[in-house]
Each structure stands twice: as C-alpha cells, then as structure tokens.
Amino acid sequence: MTLVSIDAGVTADLSASLADFEAGFTYPLGPHRRFRIVHGVDYSSFYRSQGEARVVALTAGDRVTGIIAAACRTLVLGDGSRCTALYLGDLKLSIEVRGGRALLGLIREIQAWAAPRTSRGWCVVMDGTTSDPGRYTGRCGIPAFRPVAKLAILRLDCQAGAIDPAWNASSQEAAACFAELSAGTIYADGADRTLRSHMAPCWLRDPLGRSCGLLEDTLRAKRLYDDAGGELLSAHLGRFAWRDAAAAVACLLQARRRAAALGRASLFCAIPAERTAELIALGLGSGLTVAGATICASGLPDAQPWTIDTADI
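Calculation rules
- Residues numbered from 1 in each chain as written.
- Predicted model: local features only at pLDDT ≥ 70, side-chain atom pairs only at ≥ 80, totals over all residues.
- Heavy atoms only, no water.
- Helix = DSSP H or I, 4+ residues; strand = E, 2+ residues; numbered from the N terminus.
- Rg over C-alpha atoms; globule rule 2.2 N^0.38 Å.
- Buried < 20%, exposed > 50% of the residue type's maximum accessible area, 1.4 Å probe, protein only.
- Contact = heavy atoms within 4.5 Å.
- Areas by Shrake-Rupley, 256 points an atom, 1.4 Å probe, with all protein chains shown as cover.
- Lys, Arg positive; Asp, Glu negative; His and termini not counted.
- Charge placed at Lys NZ, Arg CZ, Asp CG, Glu CD.
- Axes fitted to C-alpha atoms, helices over the stretch in contact; angles between N-to-C directions.
- Parallel < 35°, antiparallel > 145°, perpendicular 65-115°, else oblique.
- Left-handed = near helix turned anticlockwise from the far one by under 90°.
- Nonpolar A, V, L, I, M, F, W, Y, C, P; charged D, E, K, R; others polar.
- Pairing = 2+ DSSP bridges.
- Right-handed = clockwise from strand over helix to strand, strands pointing away.
- Arc of directions from axis to C-beta.
- Core = buried A, V, L, I, M, F, W, Y, C linked by side-chain atoms within 4.5 Å.
- Salt bridge = Lys/Arg side-chain N within 4 Å of Asp/Glu carboxyl O.

So, about the overall build of the chain. Tallying secondary structure elements over the chain gives 6 helices and 15 strands in all. In terms of C-alpha radius of gyration, the chain reaches 19 Å, essentially the compact-globule figure of 20 Å for 313 residues. By the burial criterion, 51% of the 313 residues in the chain qualify as buried. Taking contacts inside the chain between residues at least 6 apart in sequence as the whole, the part at least 24 apart equals 74%. In the form shown here, the chain has an accessible surface area of approximately 13200 Å², with 54% of it arising from carbon and sulfur atoms. Mean positive and mean negative side-chain charge positions of the chain (33 and 31 charges, respectively) differ by 2 Å.

Written out as structure tokens, the structure is:
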C-alpha cells in the first residue's frame, strides 16, 4: 500500500483510478434515492476552494483503495470569536482494506498535517452512511469526534417565476445581514467560491433584512449523479439565515426562481433539523426532499447551533 498526495495535479492514470474508486460510493438522497459524487480530474480543487487543503489517496498497484480529504477553515463561533479548525470532508475505503491499518494510516497522515495548524475539527455525516466517526475516532491517539448538531438537507425542485429585483444586494449589504442573522451560531468563513462555482455567486437579501442567502453551484469542482445515472444540475443556497420562517420561505422562493432561470433543476440548502416542520408548514412541501445529517466535532462547543453551506459538504 502506498500513500499518494493529490493536493495538486495528478497523472491521467491516477485520475482514472480515482474516478473508478469514487464511482463505488453512493449516499442517501431522501428515503428512496441515492446519489454519487464526481470530483473530476482535479479531485482536490473542491477542498482547495475551502482553504488550505490536504488530500491523500491510498493505492495498491494502479488502483486507488482509499482517500481522505480535509481543509483548514476559519470558524466563527457563537460568541463572535474566530478559530482555525479542520474540516474533514472525505474519507472512503474500498471493501478489501477495511478493518486493517489502512484507515489509521490515512487518518495519521491528515493528523500530522493538521497538528501544527489546529487541534479542532468537524465533519458532516449524512444519515444512513454506513460508517460514522464514532467508529474510528477516540482511539489510538485520534481525538474523538462526537455529534454536536443535527441538520436537515433540503433539496427543492427549482420553479420558474418572477424574480423580484428588490432581493438584489451587494456582497457588503448581504454579508452584514448574514452576520446579524447568524449571530449565536457556528459557521465556516473564507471560501473561494470562484474555484468551485460555475455560475457567478449571487447574494440575496430580504428588502427588510429578515433573511439572506448566497446562491452558487459546485459544478467546477464537484458534480452529483443520481442512482439512475442522471446528473443533478443543482444550485446551493449558502449563507442562509433568517429572522422568521416566513422570511426563510420567501428567500428560498427567490433562490428557486433564480436557479431555474440559470438552468439548474434543483436547489440544496441546510437548516437546523428542528426548524424543518415550520418551513414545510409554510409551503415548502411541493417538490421537496429532506435528508438528515449530523455534524460531528472535536474541540468545539457542544451546545451551539451551526449554519452550514451545502456547497461545502
């Protein structure tokens, strides 16, 4: 077994092997559908868009048998303070190397790289994933990752309709609105969206400042395909924060319409799991799929809500 850095460009053979390896993993998309992820020829670009990144593949001959990917992010904590934390975004092993030392070797590689940078970390685990961090952390000197928050990942069918220009906002206006509305939550800052988004990232802000969001996609760095082989041409509403449920639904309506105008079939966003029912009650039930996810963390507060951008996951 050999560990290979794929932080930058890779050979054509390794790129093809990465693609074959990645095709073997699928994830739940609601109760009856699954999807797979394709990071393309520049596998690490998705993680570089989030910060300083480290991506390592485990190979056996000409085959990839495992991969781990992480990025150092700036986190804004609930009290407004900032810290550096490791986002663990990808950890996969082929069946033949599970249960051996391959997992420990990959984690040790990231741990050694991260140690001079931070002692904090987090990851997002889709509910239904077969292996959660509790099975491979908290032992052999690896810090324990524990559940700290539950998310609902919303996927909404995009719907054409009138776009209200009153929702247009400068990045400064909308970012200030987001900072106000997300106060008291934990969120990651500092992504370079130009590395991952094919569409120009677009801020939305309620005219009364009651909700906001940032519309983007990940088509430059990561694409999704459903279990029937069709591409999920999707947009993401990140920096999504709101004062009340009605304002949240209004923001999602505007985002759906704008994404539809750009040829995107669906819109993803993440909300605290406990807020799902109130948004559905106000009219999000049509064309909506909900998937659960869990944030697991180490060295970070337990009792604070998180604001997560689905374009980061």
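Still more to cover.
Turning to the packing of helix H5 (residues 245-261) against helix H6 (residues 276-284), a few remarks are in order. Running from amino to carboxyl end, H5 crosses H6 at an angle of 60°, the nearest separation of the two axes being 9 Å. Comparing the axis directions of H5 and H6 gives the class oblique. Pair H5 / H6 crosses with right-handed handedness. Of H6, the residues touching H5 (which contributes Ala245, Ala246, Ala248, Val249, Leu252 and Arg256) are Glu278, Leu279, Leu282 and Leu284. Taken together, the residues of the contact of H5 with H6 break down into 8 nonpolar, no polar and 2 charged.

With 9 of 9 residues buried, strand E13 (residues 234-242) is to be regarded as a mostly interior element. Pairing geometry for E13 and strand E14 (residues 266-272), over 3 bridges, is parallel. Across the sheet, Ala235 pairs through a bridge with Leu267, a residue of E14. Handedness of the crossover joining E13 and E14 through H5 is recorded here as right-handed.

The sheet built from 3 strands is open, its strands ordered E2-E3-E12 with antiparallel pairing. One side of each edge strand has no neighbouring strand; the edge strands of this open sheet are strand E2 (27-28) and strand E12 (223-226).

Attention now moves to helix H4 (residues 171-181). Those residues of H4 lying buried are Ala174, Cys177, Phe178 and Leu181. The buried residues of H4 all sit within an arc of 100° when viewed along its axis, so they share a single face. Summarising the geometry of H4, the exposed residues directed more than 90 degrees from the buried face are Gln172 and Glu180.

Side chains of a nonpolar character, in soluble globular proteins, are inclined to be buried together. In terms of nonpolar packing, the biggest core is built from 45 residues, with Leu75, Trp122, Ile295 and Trp306 touching the most fellow members. Looking at which element gives the most residues to this core, the answer is strand E5 (residues 63-76), with 5 residues. Setting aside residues no more than four positions away along its own chain, Leu75 makes contact with Ser81, Arg82, Cys83, Ala85, Trp122, Ile186, Tyr187, Ala188, Leu300 and Trp306. Counting residues in each nonpolar core, the second largest holds 25 residues, with Leu154, Ala235, Ala248 and Ile271 among its members.

In terms of burial, strand E7 (residues 121-126) is largely enclosed, as 6 of its 6 residues are buried. Along E7, one buried face is formed by Gly121, Cys123 and Val125 and the opposite face, lined by Trp122, Val124 and Met126, is buried too. Pairing between strand E6 (residues 82-93) and E7: 2 bridges, direction parallel. Along E7, the bridge assignment pairs Leu86 with Gly121. Note on the crossover from E6 through helix H3 (residues 102-114) to E7: the handedness is right-handed.

This next bit is on the pattern of salt bridges. Per the stated rule, a full pass over the model turns up 21 salt bridges. Between Asp302 and Arg146 there is a salt bridge, with the nearest N and O atoms lying 2.5 Å from each other. With Asp302 in the segment after strand E15 (288-298) and Arg146 in strand E8 (residues 146-157), the pair connects residues that are 156 residues apart, well separated along the chain. Taking the relative accessible area as the measure of exposure, Asp302 reaches 47% and is therefore partly exposed. The salt bridge involving Asp217 is made with Arg264; its shortest N-O contact spans 2.8 Å. Taken as a pair, Asp217 in the loop between strand E11 (211-216) and E12 and Arg264 in the loop between H5 and E14 lie far apart in primary sequence, 47 residues in all. Classification of Asp217 by relative accessible area gives buried; the value is 0%.

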